[in-house]
Amino acid sequence: MRLTFFLREFMMDIQTLMADQAASVISAQLIKKPIESVIDFLSGKIKDFTKIILPNEIPEINARIDEAGKVRTISSQSKVNLKEVYYPAKIIVNKKRLVIDSVSELEEYSSRKRIALTGVAGQGKSFLIKYLWLNEFDDPKCMPLFLNLRDIKEEVGLFSLVKQGLAFMGVRVVDEDFFKELMASGYVKLFLDGLDEVSLDVFHELLRDISILAVEYPKVTILVTSRPGVLLERLSSIPDFTSFEIAKLEPKDYLGFLNKIGTDDGVANKLISSLNSNANNKVRTVVDTPLMLTLLVNVYGCHQKIPDNIPDFYRQMLHVLSYMHDSLKPGFVRKWATSLTPEEINTLFETFCYASMECASNSLDLDKFSDAFNKAKSISGINCTLPGFRTDVVDALCLMVKDGIYLTFIHTSIQEFFCAFFISHSKNEDFVMRFYQSFDSLDRFAKFDQVLRFLESIDSERYYKYYISYWFDRLSEEFNLDDPDNVFDGFIAKDFLNIHKKIDNPLKFKMLVAVLAYAKHVENNGVYSYEFDKKLSVRYIQDYINELNASIKENARLNGKRNMALLEMLNGGGRDR
């Protein structure tokens, strides 16, 4: 009896084990790793493709793809799978906010294979393009290549970067003929992240390479991310390129996003309720990107309240980032590698952000990092070692990451905001004035554009006093706009093109339009002066410029090259002469 029972149980265990093994085999057959799925698809499309990727390299390739699919966020010190924390970004199509899960959807909406995704700092452009890249492996019909455009250097052009991307995917480019065959096949999709992060020194060469690639390989899908601005406008000059704007976060997005980044439901509901209250309307106006909402969560978590105004929100931000991990650990006091106090490390970091923008970009090699660090020490008067500071900003503050031979800010806006923050509370009035009046080149104007936008909010008095007023007076005098009736209304209504003909420097024209966009003239007892009112003037001048642009574009098409220089200038493409 016992033997029969034992044998019956034993057989049931064997059958269960066999069933589990069979299920595992079936699962293995159905669920393939990313590169294997790509190989299966392309092996029947590209001649000798299976001979290009060695079988013993497949596990390593899959591991690289898995690692590339991980990201580091401000909310997490360690890397996490992007899809676990990704909140669906929306793009604007025909004034509708639509969730996009694949490049094919973008191609369908645009009827084109050259697409740009645009968004302001912190809007999640890199997350969106990497999410779309990862989704290509779910049902592969191509070789998807994810490329960071900031890796473009004088010695590494776009085509070299594409070949590096193929090597990352295990494709050894045997010869140029195979490369051309693969690119011409229509089975390659390029995911190019960060057009706005490309050095101006190599941007023209990159634009040329994109144009060549688009012409020689018309079947290749090209997806690019960028901030709006001059560089993106120049990209649009390539035939068949279209762009979609990434929608900003709306209040209805808050809860879903907060859940994705792991915010407790109770905290999320309290924060949203507070954010939607009338008292916090001003703060709500800047919480329209994933980055800013994440930073607000950290501020709220430490203070259990939302700051009353935007300047207070910004001022608390760095302080919170210094303490947010430690505040969750009772009795723990962080030992900084620099041996500085939190206040000192904050001050030094703010100064470093300014110094690094003056001497480099948001990605710094060791030499540039050292130059910016030494300049920051000199300005701030705070002393510590270079290795200690590097350790604190990477491992403690988590605001920079190691990226090959470079140290890179986790987001360009981190560097830009704290650069602005440093300037905003500088007591050296002469230094601040010289900074605001230093924009005599288009490159510098473009480089500090976002910094100036931050300063408009957090240092508004000096922004108008030293920047807007200075350039308004300087340019008004230079172009003989002394009559207050003509400086604004007359300029817009009658003298727009006449003034333009007098300007031999596109930056001056661009700057003049910028300051006029904020100025209106008022009369007080016969004395004319100007004040700044965006609501009344921005819409007026923008509508006029749009109308003028359309007219000039039409004339350019009719008259050929005669008007092309003017067209490029109005589109932001001109450079100093």
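Quantities reported herein were computed from a predicted structural model and do not represent experimental measurements.

Draft legend 1. Geometry of the overall build of the protein. Along the protein, the regular secondary structure elements total 28 helices and 14 strands. Here the protein, with 577 residues, has 47% of them falling under the buried criterion. Taking as baseline every contact in the protein between residues at least 6 positions apart, the subset at least 24 positions apart corresponds to 69%. About 28800 Å² of surface is accessible on the protein, with carbon and sulfur atoms providing 51% of the total.

Draft legend 2. A look at the sheet that holds strand E9 (residues 241–246). Strands sit in the order E4-E3-E9-E5-E8-E7-E6 across an open sheet of seven strands; the sheet is mixed. Strands with a single pairing partner mark the edges of an open sheet, and in this sheet they are strand E4 (96–99) and strand E6 (143–148). Strand-to-strand, the axes of this sheet are offset by a mean angle of 30°, without reference to chain direction. For strand E3 (residues 90–93) and E9, the ladder comprises two bridges, and the chain directions are antiparallel. Across the sheet, residue Ile 91 finds its bridge partner in E9, namely Ile 246.

Draft legend 3. Just the side chain of Ser 226, in detail. Mapped onto the secondary structure, Ser 226 falls in strand E8 (residues 221–226). The class of Ser 226 is buried, set by a relative accessible area of 0%. With residues up to four places along the chain from it excluded, the contact list for Ser 226 reads Leu 117, Thr 118, Gly 119, Lys 125, Leu 195, Asp 196 and Leu 232.

Draft legend 4. Spatial organisation of the packing of helix H19 (residues 412–424) against helix H22 (residues 449–458). Look at H19 against H22: their axes get within 9 Å of each other, and the N-to-C directions meet at 45°. It follows from the interaxial angle that H19 and H22 lie oblique. Our pair here, H19 against H22, has a crossing hand that is right-handed. The segment H19 lies against H22, with Ser 413, Glu 416, Phe 417, Cys 419, Ala 420, Phe 421, Ile 423 and Ser 424 engaging Gln 450, Val 451, Phe 454, Leu 455 and Ile 458. Here the contact of H19 with H22 is composed, by residue class, of nine nonpolar, three polar and one charged.

Draft legend 5. Up close: the nonpolar core. Membership of the largest hydrophobic core comes to 78 residues, with the highest contact counts inside it found for Phe 349, Phe 352, Phe 418, Phe 435 and Leu 455. Apart from the residues within four sequence positions on either side, Leu 455 is in contact with Ala 420, Ile 423, Ser 424, Phe 435, Tyr 436, Ser 460 and Tyr 463. In terms of nonpolar packing, the next biggest core, distinct from the first, is built from 74 residues, Ile 39, Tyr 86, Phe 179 and Val 224 among them.

Draft legend 6. Expanded view of the pattern of salt bridges. For the structure shown, the criterion picks out 18 salt bridges. Here Arg 97 makes a salt bridge to Glu 250, at a shortest N to O gap of 3.6 Å. Of the two residues, Arg 97 is situated in strand E4 and Glu 250 in the loop between E9 and helix H11 (254–260); the sequence distance between them amounts to 153 residues. Measuring nitrogen to oxygen at the nearest pair gives 3.0 Å for the salt bridge that ties Glu 429 to Arg 462. Here the residue Glu 429 occupies a position in helix H20 (residues 429–436), and Arg 462 occupies one in helix H23 (residues 460–478), the gap between them amounting to 33 residues. Each member of the salt-bridge network shares a partner with another, and the members are Lys 90, Arg 97, Glu 250, Lys 252 and Asp 253.

Draft legend 7. Geometry of the confidence of the model for the protein. Residues of the protein with pLDDT of at least 70 account for 68%, and the chain-wide mean is 74. Taken together, the stretch residues 325–332 has pLDDT below 50 and engages in seven contacts with residues farther than four places along the chain or on a different chain.

Draft legend 8. Expanded view of the pairing of E6. Where burial is concerned, most of E6 is hidden: five out of the six residues are buried. As paired elements, E6 and strand E7 (residues 188–193) share six bridges and run parallel to each other. In the sheet register, Leu 145 faces E7, and the bridge partner there is Leu 190.

Draft legend 9. Up close: the pairing of E8. The buried fraction of E8 amounts to six of the six residues, a majority that puts the element mostly inside the structure. Alternating residues of E8 divide into Thr 221, Leu 223 and Thr 225 and Ile 222, Val 224 and Ser 226, and every residue in both groups is buried. One ladder, built from five bridges, connects strand E5 (residues 114–118) with E8; its direction is parallel. In the strand pairing of E8, Arg 114 is matched with Ile 222. Pairing geometry for E7 and E8, over four bridges, is parallel. Pairing of Leu 190 across the sheet is with Ile 222, part of E8.

Procedures and definitions
Residues numbered from 1 in each chain as written. Predicted model: local features only at pLDDT ≥ 70, side-chain atom pairs only at ≥ 80, totals over all residues. Heavy atoms only, no water. Helix = DSSP H or I, 4+ residues; strand = E, 2+ residues; numbered from the N terminus. Buried < 20%, exposed > 50% of the residue type's maximum accessible area, 1.4 Å probe, protein only. Contact = heavy atoms within 4.5 Å. Areas by Shrake-Rupley, 256 points an atom, 1.4 Å probe, with all protein chains shown as cover. Pairing = 2+ DSSP bridges. Axes fitted to C-alpha atoms, helices over the stretch in contact; angles between N-to-C directions. Parallel < 35°, antiparallel > 145°, perpendicular 65-115°, else oblique. Left-handed = near helix turned anticlockwise from the far one by under 90°. Nonpolar A, V, L, I, M, F, W, Y, C, P; charged D, E, K, R; others polar. Core = buried A, V, L, I, M, F, W, Y, C linked by side-chain atoms within 4.5 Å. Salt bridge = Lys/Arg side-chain N within 4 Å of Asp/Glu carboxyl O. pLDDT = per-residue confidence, 0-100.

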